[in-house]
Amino acid sequence: MNMIGSANQVEFVTLCLEIRRLSSKHLAMGHSVIPYDILLFVYLNHLVQKKITVKELFASLTYSDMGVRYHLNRLISTEWVLLNKNSNDFRSKYCEPTNKCIHQFSQFCNDL
């Protein structure tokens, strides 16, 4: 087979496609990448045991505040993300993955 890309490039793109397919299967993706990025950010911070506030979440994403707010509220209402009070600052809340989210990421990783 003639290729214009290297074998490494082909392998990388194939892996990206598989990740995309499994993401759609296991995670709350919808038709936007915003919920996907929210879930990735929240779950990554959970894995490294770092609590992130809603403000930090918004600052970490390059989308409009309105878009992030809409998708975050959807993820909260469908029980993918939960907000917990910050005992040190009553004005802020922490974003954390729900058990459902943690389970689905585990399944996703197992399938990969």
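Cut-offs and rules
- Residues numbered from 1 in each chain as written.
- Predicted model: local features only at pLDDT ≥ 70, side-chain atom pairs only at ≥ 80, totals over all residues.
- Heavy atoms only, no water.
- Axes fitted to C-alpha atoms, helices over the stretch in contact; angles between N-to-C directions.
- Helix = DSSP H or I, 4+ residues; strand = E, 2+ residues; numbered from the N terminus.
- Left-handed = near helix turned anticlockwise from the far one by under 90°.
- Contact = heavy atoms within 4.5 Å.
- Nonpolar A, V, L, I, M, F, W, Y, C, P; charged D, E, K, R; others polar.
- Parallel < 35°, antiparallel > 145°, perpendicular 65-115°, else oblique.
- Phe/Tyr/Trp six-rings, centres within 6.5 Å; stacked < 30°, edge-to-face > 60°.
- Buried < 20%, exposed > 50% of the residue type's maximum accessible area, 1.4 Å probe, protein only.
- Salt bridge = Lys/Arg side-chain N within 4 Å of Asp/Glu carboxyl O.

Contact geometry for helix 1 (residues 7–26) and helix 5 (residues 99–111): axes closest at 10 Å, N-to-C directions at 150°. Here helix 1 runs over helix 5; the crossing is right-handed. Between helix 1 and helix 5, the contacting residues are Ile 19, Leu 22, Ser 23, Lys 25 and His 26 on the first element and Gln 104, Gln 107, Phe 108 and Asp 111 on the second. Residue composition of the contact of helix 1 with helix 5, by class: three nonpolar, four polar and two charged.

With that out of the way, let us pick up the packing of helix 2 (residues 34–47) against helix 4 (residues 65–77). For the pair helix 2 and helix 4, the least separation of the axes is 9 Å and the interaxial angle reads 70°. Between helix 2 and helix 4, the interaxial angle falls into the category roughly perpendicular. Considering only the axes of helix 2 and helix 4, their crossing is right-handed. Here helix 2 contributes Ile 34, Pro 35, Ile 38 and Leu 39 to the contact with helix 4, which in turn contributes Gly 67, Val 68, His 71, Leu 72 and Leu 75. Residues of the contact of helix 2 with helix 4, tallied by class, amount to seven nonpolar, two polar and no charged.

This part covers the packing of aromatic side chains. Scanning the model with the defined rule gives two aromatic pairs in all. Between Tyr 43 and Phe 105, the aromatic rings sit 4.1 Å apart at their centres with planes inclined by 5°, giving stacked as the arrangement. Of the two residues, Tyr 43 sits in helix 2 while Phe 105 sits in helix 5, which places them 62 residues apart along the sequence. By relative accessible area, Phe 105 is classed as buried at 4%. Taken together, a centroid distance of 6.4 Å and an interplanar angle of 40° make the contact between Phe 105 and Phe 108 tilted.

Here the focus is unusual backbone geometry. Positive phi is not limited to glycine here, since Gln 49 has a value of about 60°. Relative to the elements of secondary structure, Gln 49 occurs in the loop between helix 2 and strand 1 (52–53). Even without being glycine, Glu 79 reaches a positive phi, approximately 65°. Relative accessible area serves as the criterion here: at 54%, Glu 79 is assigned to the exposed category.

Moving on, we get to the pattern of salt bridges. Within this structure, the stated rule accounts for four salt bridges. A salt bridge links Arg 91 to Asp 89, with the shortest nitrogen-to-oxygen separation between them at 2.9 Å. The exposure class of Arg 91 is exposed, given its relative accessible area of 68%.

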